[in-house]
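Architecture and fold: a report
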Amino acid sequence: MFYIFIVMKIGDVKISGRVILAPLSGLTDSTFRLICRKMGAAIVSSEMICAEGIVKENTRTLRYLFFDRREKPIAVQIYGDSPGIMAEAAKMLERFSPSFIDINFGCPASKVVKKGAGSAILRDLVKMEKVARAVVENSSLPVTAKIRSGWCKNNIIAVDASIMLEDCGIAAISIHPRTSKTEYSEPSDWSIIKDVKMAVKIPVIGNGDITGPVEAEKMFKETECDFIMVGRASIGNPWIFKRINYYLNEGVLFPEPSFEEKLEICLEHIRDAIKNNGEFYSTSYLKKHIQFYLKGIRGNHEIIKEIIGLYSAKEIELKIKNLLTKNKLLDSYD
Ligand SMILES: Cc1cc2nc3c(=O)[nH]c(=O)nc-3n(C[C@H](O)[C@H](O)[C@H](O)COP(=O)(O)O)c2cc1C
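Residues numbered from 1 in each chain as written. Predicted model: local features only at pLDDT ≥ 70, side-chain atom pairs only at ≥ 80, totals over all residues. Heavy atoms only, no water.

Observations regarding the pairing of strand β10 (residues 204-207)
Judged by which residues are buried, β10 turns out to be covered on both faces: V204 and G206 on one side and I205 and N207 on the other are all buried. Taken together, the 3 bridges between strand β9 (residues 172-179) and β10 define a ladder with parallel strand orientation. Note that in β10 the partner of I175 across the bridge is G206. Note on the crossover from β10 through helix α9 (residues 213-223) to strand β11 (residues 227-230): the handedness is right-handed. (Buried < 20%, exposed > 50% of the residue type's maximum accessible area, 1.4 Å probe, protein only. Helix = DSSP H or I, 4+ residues; strand = E, 2+ residues; numbered from the N terminus. Pairing = 2+ DSSP bridges. Right-handed = clockwise from strand over helix to strand, strands pointing away.)

Here's what the structure looks like:
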């Protein structure tokens, strides 16, 4: 048992809980993050945000910075290849007062790598150091970094990078132990999380392939990391945080929510998204999330197809409401 409610600190921020929501571009917006916090995520994170867009006050970029105070502690994640621009972005972020600034040193997407940012920086530790120092020196907030194990299998630098980042004043390191070139079909290599944990004194956040409470405990045991971070498994499944917390504390599995409970949470997600972002911006975003809520449900392929064909978030809401009503009616005949 892990006694996960022992309060720990990242920088000067107190954290109760040991399970963190990973940044997921296009998915971990304010609405979803708040649901995850209510479900027991100890920290949530924005998706990666372009530092240059922040500095240029690009309207679309600034939308990603929005968060609800109730989400705190929250990390705002930025990426970029220029130490100067990253420093400027860090200064500007103070106005929004997130709990942390997180630097993305792991994104393998070609649009990011082509600009020399994200995981491209794993090939150049001198540049990584300049970027990290620039952000730390220009922010009064704790600065964390999210890295991968290296650029490719012949370039595993996670331990060297972590030692250097700690020396720069980075407050915690998240490690997703795949290289920039490794596909998700290959498992992440948790031994690298352990190597990083043994090499530094700052908190280490282990990430990669946690699908439920049992794997969560396994990662803590195998790597001795301080926190774990859950990404894909939280989509359509935000109650995973509650279930992991319960398992770590009590040693027994908390049951999965019923179909009806899942649809209720899904409806809350839809309503909050519409309230926060309006119908227009919510429609395609909700389609991405809803498919995951319906995973494993009988006839889900047909329902998902119908939802994909809908034109508005309100229509999606109605579809899920009808599903819920139909399910309640069926239950009353049991
Ligand atoms: C759709 C998607 C979007 C992602 N977006 C980001 C991002 O914006 N920033 C980041 O650091 N990592 C991002 N990641 C990586 C995740 O944060 C995480 O490191 C990875 O998925 C491994 O964790 P998991 O096995 O729990 O999903 C993304 C991953 C996925 C699948």
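Next, the rest of the story.
Side note on unusual backbone geometry
Residues K72 and P73 are joined by a peptide bond in cis, for which omega reads 5°. Here P73 is to be found in the loop between α3 (59-63) and β6 (74-79). Within the chain, E57 stands out as a residue other than glycine whose phi angle is a positive 55°. Looking at the secondary structure, you find E57 in the loop between α2 (51-55) and α3.

What about the domain arrangement of the chain?
Here the domain parsing of the chain yields domain 1 (8-250) and domain 2 (259-332). Between the C-alpha centres of domain 1 and domain 2 the distance comes to 29 Å. Contacts between domain 1 and domain 2 engage 13 residues on the former and 14 residues on the latter. For the domain 1 and domain 2 pair, buried surface summed over both sides reaches about 1300 Å², with 63% attributable to carbon and sulfur atoms. Of all residues in domain 1, T31, R63 and W239 bury the most surface against domain 2, accounting for 36% of the area lost on that side. Counting the contacts that link domain 1 with domain 2 gives 1 salt bridge. Counting across the domain 1 and domain 2 interface gives 4 residue pairs in polar contact (both at pLDDT 80 or more). Ranked by the residues each element gives to the side of domain 1 that touches domain 2, the list is headed by helix α1 (residues 30-38), at 4 residues. Per-class residue counts for the side of domain 1 that touches domain 2 are 7 nonpolar, 3 polar and 3 charged. (Domains from an automatic or database assignment. Contact = heavy atoms within 4.5 Å. Buried area = accessible area lost by both parts, 1.4 Å probe. Salt bridge = Lys/Arg side-chain N within 4 Å of Asp/Glu carboxyl O. Polar contact = N/O pair within 3.5 Å; in protein donor to acceptor, adjacent residues only side chain to side chain. Nonpolar A, V, L, I, M, F, W, Y, C, P; charged D, E, K, R; others polar.)

Quick word on the site of the ligand
In the vicinity of the ligand, 17 residues are found, and the nearest of them are S25, Y184, N207, D209 and R232. In the environment of the ligand, an oxygen atom lies 2.8 Å from a nitrogen or oxygen atom belonging to the backbone of P23. Contacts to the ligand include Y184, whose side-chain N or O atom sits 2.7 Å from an oxygen atom. Broken down by class, the residue content of the shell around the ligand amounts to 6 nonpolar, 7 polar and 4 charged. (Near = heavy atom within 4 Å.)

Structural notes on a positive patch on the surface
On the surface, R60, R63, K111 and K115 cluster together into a positively charged patch. Within the secondary structure, K111 is located in helix α5 (residues 110-113). (Patch = residues over 30% accessible without salt bridge, like charges linked within 9 Å, V, L, I, M, F, W, Y side chains within 5 Å. Areas by Shrake-Rupley, 256 points an atom, 1.4 Å probe, with all protein chains shown as cover. Lys, Arg positive; Asp, Glu negative; His and termini not counted. Charge placed at Lys NZ, Arg CZ, Asp CG, Glu CD.)

Remarks on the packing of aromatic side chains
Evaluated as defined, the whole model comprises 3 aromatic pairs. Ring centres of F280 and Y281 lie 5.2 Å apart, and the angle between their planes is 75°; this geometry places the pair in the edge-to-face category. Residue classification places F280 among the exposed residues on the basis of a relative accessible area of 71%. On the basis of relative accessible area, Y281 is assigned to the partly exposed category, the value being 47%. The ring of Y281 has R63 lying over it, and the distance from NZ or CZ to the ring centre is 3.9 Å. Sitting over the face of the ring of W151, R123 holds its NZ or CZ atom 3.9 Å from the ring centroid. (Phe/Tyr/Trp six-rings, centres within 6.5 Å; stacked < 30°, edge-to-face > 60°. Lys NZ or Arg CZ within 6 Å of the ring centre and 35° of its normal.)

Looking at the packing of α9 against helix α10 (residues 240-250)
Contact geometry of α9 with α10 gives a least axis separation of 8 Å together with a crossing angle of 55°. Considered as vectors, α9 and α10 are oriented oblique to each other. Viewed along their axes, α9 and α10 form a crossing whose handedness is right-handed. Facing P213, V214, A216, E217 and F220 of α9, the residues of α10 in contact are R243, I244, Y247 and L248. Among the residues making up the contact of α9 with α10, the classes are represented as 7 nonpolar, no polar and 2 charged. (Axes fitted to C-alpha atoms, helices over the stretch in contact; angles between N-to-C directions. Parallel < 35°, antiparallel > 145°, perpendicular 65-115°, else oblique. Left-handed = near helix turned anticlockwise from the far one by under 90°.)

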